[in-house]
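Structural description and commentary
Next come the chains, spelled out residue by residue.
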Amino acid sequence: MTKTILLLLNKVLTSNASSQHLLAKYYNKSFRIIFPVFSISAVVEKNGSLGLYEQNEVDSTIKIPLSSLNYLINQDKLAIIKQIEINGDKNFGLFLLELLSKLNWNIIDHDKIPGSKILVNFFIKLNEQLQLVATNAAHSITEYLLYETEDLVTQYEMNDFCREVDELNNRADILKARINLLLNA
């Protein structure tokens, strides 16, 4: 099954020359994509095509859990982004997701590759989800950072706070001195 998938991917990459050229820049990088039913391991060849990779260690692992298929029912974009797990070289993994999401899968001649019709339909649906992840990942990360940075204070707010704490300490010292004077009098 892995060889058929790689054959399909290489056929699609051949028809998407710019994507293949971009992938060639990652020559000799290996990856594993783990789907709920199967996984595929490949290495980027010099020309940007994908070769079979049978070693255990890979540069990037992308795990797409079965629960991510929930998107077809509830359309929760952020939930999908949170469910896809990338280990190892995260930049390469994100690049790979984005590249795969932009491939045109409709160019494959189904009659020439046995069993490819089901796989291509699967990849077309997966491609839709990868497009969603790739386009929304940047937006979601930006939104998350904006939300999280609202909790951070600026340097000016921090300086004001420190100045007010110093004033409070000075007042406390003055009050303490007055109390000591009254007690000693």
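Up top is the structure these notes are about.
Residues numbered from 1 in each chain as written. Predicted model: local features only at pLDDT ≥ 70, side-chain atom pairs only at ≥ 80, totals over all residues. Heavy atoms only, no water.

1. Quick notes on the overall build of the protein
Inclusion rule: Put simply, DSSP marks the helices as runs of H or I at least four residues long and the strands as runs of E at least two long, and each gets a number from the N terminus on. Categorising residues by exposure relies on relative accessible area from a 1.4 Å probe, with only protein chains included: less than 20% of the type maximum marks a residue as buried, more than 50% marks it as exposed, and the intermediate range marks it as partly exposed. Every residue pair with non-hydrogen atoms within 4.5 Å of one another is taken to be in contact. Only the protein chains shown count as cover for residues, and the accessible areas themselves come from Shrake-Rupley with a 1.4 Å probe.
If you tally the helices and strands in the protein, you get seven helices and five strands. What you see in the protein, going N to C, is helices and strands ordered as α-α-β-β-β-β-α-α-β-α-α-α. Taking all 185 residues of the protein together, 34% fall into the buried category. In the protein, once contacts between residues fewer than 6 apart in sequence are set aside, the share between residues at least 24 apart is 67%. Of the roughly 12400 Å² of accessible surface on the protein, 55% is carried by carbon and sulfur atoms.

2. Quick notes on the packing of helix 1 (residues 2-15) against helix 2 (residues 17-24)
For the record, the criterion: Axis definition: a line fitted to C-alpha atoms, limited for helices to the stretch in contact. Angles are taken between N-to-C directions and run from 0 to 180 degrees. If an angle is under 35 degrees, it is roughly parallel; if it is over 145, roughly antiparallel; if it lies from 65 to 115, roughly perpendicular; otherwise it is oblique. Under this grouping Gly is polar, as are all residues other than the nonpolar Ala, Val, Leu, Ile, Met, Phe, Trp, Tyr, Cys and Pro and the charged Asp, Glu, Lys and Arg.
At a minimum axis distance of 5 Å, the contact between helix 1 and helix 2 shows a crossing angle of 110°. In terms of their interaxial angle, helix 1 and helix 2 are classed as roughly perpendicular. Judged by residue contacts, Leu13, Thr14 and Ser15 of helix 1 engage Ala17, Ser19, Gln20 and Leu23 from helix 2. Its residues assigned to classes, the contact of helix 1 with helix 2 comprises three nonpolar, four polar and no charged.

3. Focus: the side chain of Asn10
Structurally, Asn10 is set in helix 1. The contact partners of Asn10, leaving out residues within four places of it in the chain, are Ser49 and Leu50.

4. Points about the nonpolar core
This is how the line gets drawn: Buried Ala, Val, Leu, Ile, Met, Phe, Trp, Tyr and Cys residues form a nonpolar core when they are joined through side-chain atoms within 4.5 Å.
With 25 residues, the main nonpolar core has Leu23, Ile33, Leu50 and Ile62 as its most contacted residues. Elements represented by at least two residues in this core include exactly helix 1, strand 1 (30-34), strand 2 (39-44) and helix 5 (90-101). It is helix 5 that provides the largest number of residues to this core, a total of six residues. When near neighbours in sequence (up to four residues on either side) are disregarded, Ile62 contacts Arg32, Ile33, Ile34, Ile84, Glu85, Ile86, Gly93, Leu96 and Leu97.

5. Some details on the packing of aromatic side chains
Note the following rule: Only rings of Phe, Tyr and Trp enter the pairing, Trp through its six-membered ring, and a pair is recorded when the two centres are within 6.5 Å. The plane angle decides the type: under 30 degrees is stacked, over 60 is edge-to-face, the rest tilted. Only lysine NZ and arginine CZ atoms are considered, and such an atom sits over a ring when it is within 6 Å of the ring centre and within 35 degrees of the ring normal.
As enumerated under the stated definition, the model contains three aromatic pairs in all. With centroids separated by 5.1 Å and ring planes inclined at 40°, the aromatic side chains of Tyr26 and Phe92 adopt a geometry described as tilted. You can see Tyr26 sitting in the loop between helix 2 and strand 1 and its partner Phe92 sitting in helix 5, a full 66 residues away along the chain. Taking the relative accessible area as the measure of exposure, Tyr26 reaches 26% and is therefore partly exposed. An aromatic cluster is defined as three or more aromatic residues linked by ring pairs; in this entry it consists of Tyr26, Phe31, Phe92 and Phe95. The ring of Phe92 is capped by Lys29, whose NZ or CZ atom sits 5.8 Å from the centre of that ring.

6. Section: a nonpolar patch on the surface
The condition is simple: Every patch collects residues that have over 30% relative accessible area and no salt bridge, joining them within 9 Å if they carry like charges and within 5 Å if they are nonpolar side chains (Val, Leu, Ile, Met, Phe, Trp, Tyr). What makes a salt bridge here is a side-chain nitrogen of Lys or Arg within 4 Å of a carboxyl oxygen of Asp or Glu, nothing more.
There is a patch of nonpolar side chains on the surface, built from Met158, Phe161 and Val165 and spanning about 270 Å² of accessible area. Residue placement: Val165 occurs in helix 7 (residues 155-184). Given a relative accessible area of 31%, Val165 falls into the partly exposed group.

7. Quick word on the sheet that holds strand 1
This is how the line gets drawn: A strand pair is defined by DSSP finding two or more bridges across the two strands.
Pairing is mixed in the open sheet, where five strands are placed in the order 3-2-1-4-5. The open sheet terminates on both sides in strands that have one partner only, identified here as strand 3 (50-52) and strand 5 (85-88). Strand-to-strand, the axes of this sheet are offset by a mean angle of 25°, without reference to chain direction. In this sheet, strand 3 lies alongside strand 2 in antiparallel orientation, the contact comprising three bridges. Of the residues in strand 3, the one forming a bridge with Ala42 is Leu52.

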